Amino acid sequence: MKKNCLMALACLVFLTSPSFARPLHIVAAYPYIGDLVERIGGGNVRVFVLARGDYNPHVIIPRPSFIAQIRRANLLIISGAQLEIGWIPPLLRQANNPAVQPGEPGFLDLSRYVTLIDVPTSVSREQGDVHPEGNPHYYLDPENIIPLAKAIMEKLSQLDSQNALDYRTRYSEFAELWNKRLIQWAEKMKGGMDTRVVEYHKNYDYFLRRYKLQIAGTIEPLPGIPPTSKHVEHLEALLTANPARLILQDVYNPDDASRHLAEKLGMKVVVLPHDVGAVREANGIFSLFDEIVRRLRE
Ligand SMILES: [Zn+2]
C-alpha cells in the first residue's frame, strides 16, 4: 500500500512537472517553421510538419494524421496573420487538445514577432481578399527569420527549462550563420535593385521591399482571386506604358496568365519557391533563400 502511494506520488510529480522528460512533440504548420524548430530544438524535439512546401499555404487539405498529431502535441506553431485561417481552426477543434489552443503556453503564433505590411484600414474580406490582416508572407524576408528563430528558442525554453541553455546555444549558432548569409544575399541582390517585377500572388512583397525591387502589379486582381481577362488587359496596358522585366510565379498557381503576358510583352517568367520544399533545391531554410536569390539573379 505504502509503495503504491509512493508510485502515485512519483507519477503525479512527473505529470505536473513543467519540464518534459521526453522530447517535446511539436507540430509546425509549414516546412520553414519545422526546419527552424529542428535547428534550435536539436535532439530535444520531435517535429511534425502539417503543410507540404509545394502547396498553396492558404488552402492546405488536411490529412487524417493531422488531428492525431495535434492531439498529442506539446506545442503548435503557426505562421499566423490569417494564413492558416481556412484550415487550422477546424483541426484545433477536432483535436481537442487544451494545451495547444490559442492563448495557451503550447501555442505560438510567429506573426506576433514581425511587422506586417499592407495592413488594411478596413477589412475587405467580402471581396474575397485572403490577406485581410495584412500580408502574411512575412517569412520570405530573410531578415525576419532571426526574430522568428528567437521566438521559437524562447518558447522551447519556457516549455522545457531543463534544456534552455542548449536552445540558446543552438539559436546563437544559427543567428551567427544566418547573419553571415544575410550579407551575402544583400550583396548578390544589389545588382537587381530598381528592377520592376510583377507577381502572380503577393508572396514576395517582403523580399522585394527588402532588396528594393519595384512591384509593378499582380496577376491576381486581389490576393486569392484568380485573374480575370479584364484585369489582365488592364495590367497589360500598364506594363506597355511602363515596362517590367520579370513575372514572379509561385509553384502552385496556374501560370497561363503569366506566360501569356510574358510572351506578349517580352518579359521573363521566374518560378520561385515560397517555402522549404517548394522546389527540389530549396530543401532547408538556407537553401530556400539561396534559391530565390539565384533564380532572380540568373
Ligand atoms: Zn497570400
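What you see is a predicted model, and the numbers here were worked out from it, not measured in a lab.

Asker: Give me the coordination of the zinc ion: which residues, what numbers.
Answerer: In the first shell of the zinc ion, the protein supplies His58 (NE2), His131 (NE2), His137 (NE2) and His201 (NE2), at 2.0 Å from the metal. Each of the 4 donor atoms bound to the zinc ion contributes to angles spanning 106 to 112°, and the resulting shape is tetrahedral. Donor residues for the zinc ion, ordered by position in the chain, follow H-x72-H-x5-H-x63-H. His137 shares its class with His131; the two are buried.

Asker: Give a detailed account of the domain arrangement of the protein chain, specifying residues and quantitative values.
Answerer: Quite often, the size of an interface is put as the accessible area lost when its parts meet. What the domain assignment reports for the protein chain is domain 1 (21–183) and domain 2 (184–297). Once you take the C-alpha centre of each, domain 1 and domain 2 turn out to be 25 Å apart. Each partner contributes to the interface: domain 1 provides 37 residues, whereas domain 2 provides 33 residues. Contact between domain 1 and domain 2 buries roughly 3,100 Å² in total, counting both sides, with carbon and sulfur atoms accounting for 60%. Inspection of the domain 1/domain 2 interface yields 4 salt bridges. In this assembly, domain 1 and domain 2 are joined by 22 residue pairs in polar contact (both at pLDDT 80 or more). Of all the elements in the fold, those that place two or more residues in the side of domain 1 that touches domain 2 are helix H2 (31–41) and helix H6 (164–189). In terms of residue count, the dominant contributor to the side of domain 1 that touches domain 2 is H6 (7 residues).

Asker: Pulling in residues and values, what's your account of the sheet that holds strand E4 (residues 107–109)?
Answerer: The strands making up a sheet associate through hydrogen bonds between their backbones, and the pairing can be parallel or antiparallel. Here we have 4 strands laid out as an open sheet, ordered E2-E1-E3-E4, and parallel in their pairing. Both outer strands of the open sheet, strand E2 (45–49) and E4, are each paired with one neighbouring strand and no more. Averaged over all adjacent pairs, the angle separating strand axes in this sheet is 20°, with direction ignored. As paired strands, strand E1 (residues 24–28) and E2 are joined by 5 bridges and run parallel to one another. Residue pairing across strands places Leu24 opposite Val45, the latter belonging to E2. Of the strands in this sheet, E1, E2 and strand E3 (75–78) touch H2, which is tilted by about 175° from E2.

Asker: Report on the packing of aromatic side chains, specifying residues and quantitative values.
Answerer: Inspection of the entire model under this criterion finds 11 aromatic pairs. Ring geometry for Trp178 against Trp185: centres 5.0 Å apart, planes inclined by 70°, an arrangement best described as edge-to-face. The pair formed by Trp178 and Trp185 is uniform in burial state, with each residue classed as buried. Ring pairing ties together the aromatic residues Phe174, Trp178, Trp185, Phe286 and Phe289, which thus form one cluster.

Cut-offs applied
- Residues numbered from 1 in each chain as written.
- Predicted model: local features only at pLDDT ≥ 70, side-chain atom pairs only at ≥ 80, totals over all residues.
- Heavy atoms only, no water.
- Donors = N, O, S within 2.8 Å, 3.2 Å for Na, K, Ca; no water.
- Tetrahedral: all angles 85-135°; square planar, octahedral: opposite > 155°, others 65-115°.
- Buried < 20%, exposed > 50% of the residue type's maximum accessible area, 1.4 Å probe, protein only.
- Domains from an automatic or database assignment.
- Contact = heavy atoms within 4.5 Å.
- Buried area = accessible area lost by both parts, 1.4 Å probe.
- Salt bridge = Lys/Arg side-chain N within 4 Å of Asp/Glu carboxyl O.
- Polar contact = N/O pair within 3.5 Å; in protein donor to acceptor, adjacent residues only side chain to side chain.
- Helix = DSSP H or I, 4+ residues; strand = E, 2+ residues; numbered from the N terminus.
- Pairing = 2+ DSSP bridges.
- Axes fitted to C-alpha atoms, helices over the stretch in contact; angles between N-to-C directions.
- Phe/Tyr/Trp six-rings, centres within 6.5 Å; stacked < 30°, edge-to-face > 60°.

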